[in-house]
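# Descriptive structure summary
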Amino acid sequence: MRSSACIRRAFADLSVGQVHYASCGDAAAPAVLLLHQTPRSWLEYRDVLPRLGARLHAIAMDTVGFGDSAAPPWPAGIERWAGVAVELLDALAIERVALVGHHTGGVIGVELAARLGARVRGLVLSSTPFTDAAFRRERAGRPPIDAVAPSDDGSHLAALWRRRQAFYPPGRPELLEAFVRDALKVSGDVEGGHRAVAAYRMEERIARVTQPVLIIRASDDPFAAPHAAELEARLPQARRVDIEGGMVPLPDQLPEAFSRAVLEFLDGLEPRSR
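Below you will find a few notes about this structure. Values in this document were obtained by computation on a predicted structure and should not be read as measured data. (Residues numbered from 1 in each chain as written. Predicted model: local features only at pLDDT ≥ 70, side-chain atom pairs only at ≥ 80, totals over all residues. Heavy atoms only, no water.)

On a plain count of helices and strands, the chain comes out with ten helices and eight strands. In terms of overall dimensions, the chain is globule-like: its C-alpha atoms have a radius of gyration of 17 Å, near the 19 Å expected for 274 residues. Each of the three principal axes of the chain carries a C-alpha extent, and together these read 55 × 40 × 40 Å. For the chain, the share of sequence-separated contacts (at least 6 apart) that also reach a separation of at least 24 residues comes to 74%. When the accessible surface of the chain is totalled, it reaches about 11,200 Å², and 52% of it is carbon and sulfur. On the chain, the mean spot of the 33 positive side-chain charges and the mean spot of the 34 negative ones are 2 Å from each other. (Helix = DSSP H or I, 4+ residues; strand = E, 2+ residues; numbered from the N terminus. Rg over C-alpha atoms; globule rule 2.2 N^0.38 Å. Contact = heavy atoms within 4.5 Å. Areas by Shrake-Rupley, 256 points an atom, 1.4 Å probe, with all protein chains shown as cover. Lys, Arg positive; Asp, Glu negative; His and termini not counted. Charge placed at Lys NZ, Arg CZ, Asp CG, Glu CD.)

Structure follows, in structure tokens:
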């Protein structure tokens, strides 16, 4: 595995402004684009990039409005986020790409695969929900996921920590610290990304996903694990890998197991233009 020293960070000037991304690996190697969950950033893949970059050109972008990317001039939306990802691929002159998405990133990945067809050579859906009418009804009745009211004494920071604590592994405070840091950097409403996921009509798009698909199921992710079977039922070409003990922060919780599953899948795909 390459060390994290291989990671290079840069900005691309796109229609929404500057979009930040990090990359690792030979730019002439097959490309893979990694898409993060809400409200994270490319840092979700910090320990995955060197593992993938040993054999691929691995790129982790900050979705518009997250991390160091510009705030969008429009409300958060899966289709618009996917459009900016296409702009980034064009800016980097990437003709064909594999996609890896975790939670929100997987939903963006579905839209990209449906939109781009043969330009996408494979799709990894990690802890990705199936967002149909039933999902939208269920989500509408739930309280906010990450929104907390600011307080003068800073207690809202502890409240943000506690919102996620039960879904993160014990004894790994660095994972929650990374989550809190990224949540504080979100442009505008931290809950906007979750609303965008809930609003996306995946049931109208998923039939267009005909590329090879890997579904990664984190066994201890109560939000996403139940959706693996729903995705399998609608993606007959998909195969599934279960990662035992995996929780909501799977890529940075268990980067070795995550990267191994991704590489084994991508190694089996047809090559291979950049």
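Text resumes after the structure shown.
On to the pattern of salt bridges, then. A full pass over the atoms with the stated rule returns 20 salt bridges. Across the pair Glu111 and Arg115 runs a salt bridge whose closest N-O atoms are separated by 3.1 Å. Here Glu111 and its partner Arg115 are both found in helix 3 (residues 104-116), four residues apart, which amounts to about one turn of the helix. According to the relative accessible area criterion, Glu111 is buried, its value standing at 3%. On the basis of relative accessible area, Arg115 is assigned to the partly exposed category, the value being 37%. One salt-bridge network, in which partners are shared between bridges, spans Arg136, Arg201, Glu203 and Glu204. (Salt bridge = Lys/Arg side-chain N within 4 Å of Asp/Glu carboxyl O. Buried < 20%, exposed > 50% of the residue type's maximum accessible area, 1.4 Å probe, protein only.)

This next bit is on the state of the cysteines. Under the counting rule described, the total for this entry stands at one disulfide. Here Cys6 is linked by a disulfide to Cys24, with a sulfur-sulfur distance of 1.6 Å. The sign of the S-S torsion, about -105°, decides the handedness of the disulfide formed by Cys6 and Cys24: left-handed. Remark: Cys24 occurs in strand 2 (residues 17-24) and Cys6 occurs in the segment before strand 1 (8-14); sequence separation between them is 18 residues. Using a relative accessible area of 16% as the deciding quantity, one classes Cys6 as buried. A relative accessible area of 1% places Cys24 in the buried class. (Disulfide = S-S within 2.5 Å.)

This brings us to the packing of helix 2 (residues 78-91) against helix 3. Put simply, helix 2 and helix 3 touch, their axes get as near as 9 Å, and they point 70° apart. In terms of axis orientation, helix 2 runs roughly perpendicular to helix 3. The interaxial crossing formed by helix 2 with helix 3 has right-handed handedness. Seen from helix 2, the contacting residues are Ile78, Glu79, Trp81, Ala82, Gly83, Ala85, Val86 and Leu89; seen from helix 3, they are Thr104, Val107, Ile108, Glu111, Leu112, Arg115 and Leu116. Classifying every residue of the contact of helix 2 with helix 3 gives ten nonpolar, two polar and three charged. (Axes fitted to C-alpha atoms, helices over the stretch in contact; angles between N-to-C directions. Parallel < 35°, antiparallel > 145°, perpendicular 65-115°, else oblique. Left-handed = near helix turned anticlockwise from the far one by under 90°. Nonpolar A, V, L, I, M, F, W, Y, C, P; charged D, E, K, R; others polar.)

The next thing to look at is helix 8 (residues 227-234). Within helix 8, the full set of buried residues consists of His227, Ala228 and Leu231. All buried residues of helix 8 lie within an arc of 105° about the axis, which places them on one face of the element. Those residues of helix 8 that are buried lie in contact with strand 6 (120-126), helix 4 (133-140), strand 7 (213-218) and strand 8 (239-243). (Arc of directions from axis to C-beta.)

This part takes up the sheet that holds strand 6. On the basis of which strands lie adjacent, the open sheet formed by eight strands has the order 1-2-4-3-5-6-7-8 and mixed pairing. Looking at which strands have only one partner, the edges of the open sheet turn out to be strand 1 and strand 8. Neighbouring strand axes in the sheet, compared pairwise and without regard to direction, differ in orientation by 25° on average. Sheet analysis places strand 2 next to strand 4 (residues 57-61), joined by four bridges and oriented antiparallel. Its bridge partner being in strand 4, Ala22 is matched across the sheet by Ala60. Each of strand 6, strand 7 and strand 8 is contacted by helix 8, which is oriented at about 165° to strand 7, the strand it contacts most. (Pairing = 2+ DSSP bridges.)

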